[in-house]
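Coordinate analysis (summary)
Chain by chain, the residues run as shown.
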Amino acid sequence: MSEIQPQGCGRGHHYCQRILAYLWVTAIIIIVCGLLPWGIYEMHRHNAQPHVVAWFCAGVFVSLAVPLSIWDVAQHLRHFHNPELQKCIVRIIWMVPIYAIDSWVALRFGDLAIYFDTARACYEAYVIYNFYAYLLKFLYQRDPKFDETISGRKNHPHIKPFCCFPSWKMGPPFLHRIHTGPIAYVVIQLICTIVALITQGTGGYKEGQFTFRGSWLWITFLTSFAQAWAMYCLVLFYMAFKDDLAKCKPLAKLLVIKAVVFFSFWQSVLISGLEWYKPEIFSSSSETWSYYQNDKNVASAFQNFLICIEMFIAALVHHRVFSFREHLTNEDIYLVTRKMSAWESIKALFDVQDVQADVVGNVVGTFRSVAGVVGTGAAKVASAVSLNHSQRNANSVPTSEEGDESTALISASRTDTGDSNTYGSA
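Not measured: the values here are computed from a predicted model.

Definitions and limits used
Residues numbered from 1 in each chain as written. Predicted model: local features only at pLDDT ≥ 70, side-chain atom pairs only at ≥ 80, totals over all residues. Heavy atoms only, no water. Helix = DSSP H or I, 4+ residues; strand = E, 2+ residues; numbered from the N terminus. Buried < 20%, exposed > 50% of the residue type's maximum accessible area, 1.4 Å probe, protein only. Contact = heavy atoms within 4.5 Å. Areas by Shrake-Rupley, 256 points an atom, 1.4 Å probe, with all protein chains shown as cover. Patch = residues over 30% accessible without salt bridge, like charges linked within 9 Å, V, L, I, M, F, W, Y side chains within 5 Å. Salt bridge = Lys/Arg side-chain N within 4 Å of Asp/Glu carboxyl O. Phe/Tyr/Trp six-rings, centres within 6.5 Å; stacked < 30°, edge-to-face > 60°. Lys NZ or Arg CZ within 6 Å of the ring centre and 35° of its normal. Core = buried A, V, L, I, M, F, W, Y, C linked by side-chain atoms within 4.5 Å. Axes fitted to C-alpha atoms, helices over the stretch in contact; angles between N-to-C directions. Parallel < 35°, antiparallel > 145°, perpendicular 65-115°, else oblique. Left-handed = near helix turned anticlockwise from the far one by under 90°. Nonpolar A, V, L, I, M, F, W, Y, C, P; charged D, E, K, R; others polar.

Considering the overall build of the protein
Helices and strands together make up the secondary structure of the protein, namely 15 helices and zero strands. Going through the 426 residues of the protein one by one, you find that 48% of them count as buried. Sequence separation of at least 24 residues holds for 77% of the intrachain contacts in the protein that already meet a minimum separation of 6. Roughly 21,400 Å² of accessible area belongs to the protein as shown, and the carbon and sulfur atoms make up 64% of that amount.

Written out as structure tokens, the structure is:
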């Protein structure tokens, strides 16, 4: 395809974007390498308390990360030509502002850190689910009968450390077993959040204490297992269909999600372990950390401070990996066009009925399977593309002609296959 040359106002808009990008990079270099060290030096010279210096430094990184992520979200909404895919991407990008602001506020109000941490953990599970939904929707948009197409393929073996287990039958059974990983993580994380909040109020949470008498250790074991299984399912899904997913460049996206989720979780576990093994490191009785009322708050402050810095790095990577440019049409490369109004884009973004239907459908289907009822309504699970929901909102959320055709084909394929492709029967 020949490259389209910018003309008229399109060329001016293109150059303005490049200038803004250069100014943004210059501002980051000046702030991080100049203003930040100078501010730390001035506060130290005026005997500012350590927690004030930490809050200032974390705030600088948060103030850099959040606008960049919001800019990425705005660009996706401006070119919202594939709502089903871009909605998942925007939900993933929102991870940076939520994590950064959440951690920055928790750094200042240490007594409330447990509530901020649990909210952050819930969104972590939500991000993993949306990334899986993004990959699956991409495959079904390219092939509306994807579950039937892969039924004739050779079974994909498990990867280490489960390579000795028998492989899952390729087709609907494989998709169903993969699907249970992200869904289970969402459900388990929600349950664990409720338990954590209740036990925190009753004094039975015992955060950072490696004792079986507190709920923190049990919740950590359960969520770490659910998280590891969800990530394993994602990796296995990628390995099985990496050729089909090649055009959406999934490897970089997968590595980013895996790094942020895994690193933030195990970083918190490591800090809690250090606080339990060597409490003098995070001692609130020392003059340095006297602002925080107990050692647990000091350890939590360290975790939140690191996350504020890490989210700045994550925002830079997200800007590159989850770029809106992947969804531009030829006419959009240099010309500013809109096929959806701003209100329609925002309404589609915050519509979570697809997630609700998927989670409820899977939970109900699991209980029916356990009870011995044949059929789990897996036509919903197989698509995970919110096909019926997209069809209901076709008038309120218009897409490109290509997207409408894809949705119509997928809906038709679901009607043809009906409930015969249930995973329960498989």
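Continuing now.
Describing the environment of Ile-219
By secondary structure assignment, the location of Ile-219 is in helix 8 (residues 215–241). For Ile-219, a relative accessible area of 12% puts it in the buried group.

As for a nonpolar patch on the surface
A cluster of nonpolar side chains, contributed by Phe-109, Leu-112, Tyr-115 and Leu-197, occupies part of the molecular surface with about 360 Å² of accessible area. As for its position among the elements, Phe-109 is in the loop between helix 4 (95–108) and helix 5 (113–142). On the basis of relative accessible area, Phe-109 is assigned to the partly exposed category, the value being 44%.

Here we look at the packing of aromatic side chains
A complete count under the given rule lists 16 aromatic pairs for this structure. Consider the rings of Tyr-132 and Phe-237, whose centres lie 5.4 Å apart with planes at 70°: the pair is edge-to-face. Of this pair, Tyr-132 sits in helix 5 while Phe-237 is found in helix 8, placing the two residues 105 residues apart along the sequence. As far as burial versus exposure is concerned, Tyr-132 and Phe-237 are alike and both buried. When the ring of Trp-168 is compared with that of Trp-229, the centres are 6.2 Å apart and the planes differ by 70°; the resulting orientation is edge-to-face. In this pair, Trp-168 is assigned in the loop between helix 6 (146–149) and helix 7 (172–202) and Trp-229 in helix 8, connecting sequence segments 61 residues apart. With a relative accessible area of 26%, Trp-229 lands in the partly exposed category. Put simply, the rings of Tyr-132, Tyr-140, Phe-146, Phe-162, Phe-165, Trp-168, Phe-174, Trp-229, Tyr-232, Phe-237 and Phe-241 pair up and form one aromatic cluster. A cation sits over an aromatic face here: Arg-108 above Trp-55, 5.9 Å from the ring centre.

Looking at the pattern of salt bridges
Summed over the entire model, instances satisfying the criterion amount to five salt bridges. Among the ionic pairs, Asp-117 bridges to Arg-120, the shortest N-O distance being 2.9 Å. Here Asp-117 pairs with Arg-120, and both are found in helix 5, just three residues apart, close to one helical turn. Considered together, Asp-117 and Arg-120 belong to a single accessibility category, that of buried residues. Across the pair Glu-326 and Lys-253 runs a salt bridge, and its minimum N-O distance is 3.0 Å.

Notes on the nonpolar core
By size, the foremost hydrophobic cluster in this structure holds 82 residues, and its most contacted members are Phe-174, Leu-175, Phe-237 and Phe-241. If you look at the next biggest cluster of nonpolar residues, it comprises seven residues, including Cys-192, Tyr-205, Leu-217 and Ile-219.

Considerations on the packing of helix 5 against helix 10 (residues 295–321)
It is the contact of helix 5 with helix 10, at a shortest axis distance of 11 Å, that shows an interaxial angle of 45°. Taken together, the axis directions place helix 5 and helix 10 in an arrangement best described as oblique. Crossing of helix 5 over helix 10 shows left-handed handedness. Taken together, the residues of helix 10 that come into contact with helix 5 (itself represented by Ala-113, Asp-117 and Arg-120) are Ser-300, Gln-303, Asn-304 and Ile-307. For the contact of helix 5 with helix 10, the per-class residue count stands at two nonpolar, three polar and two charged.

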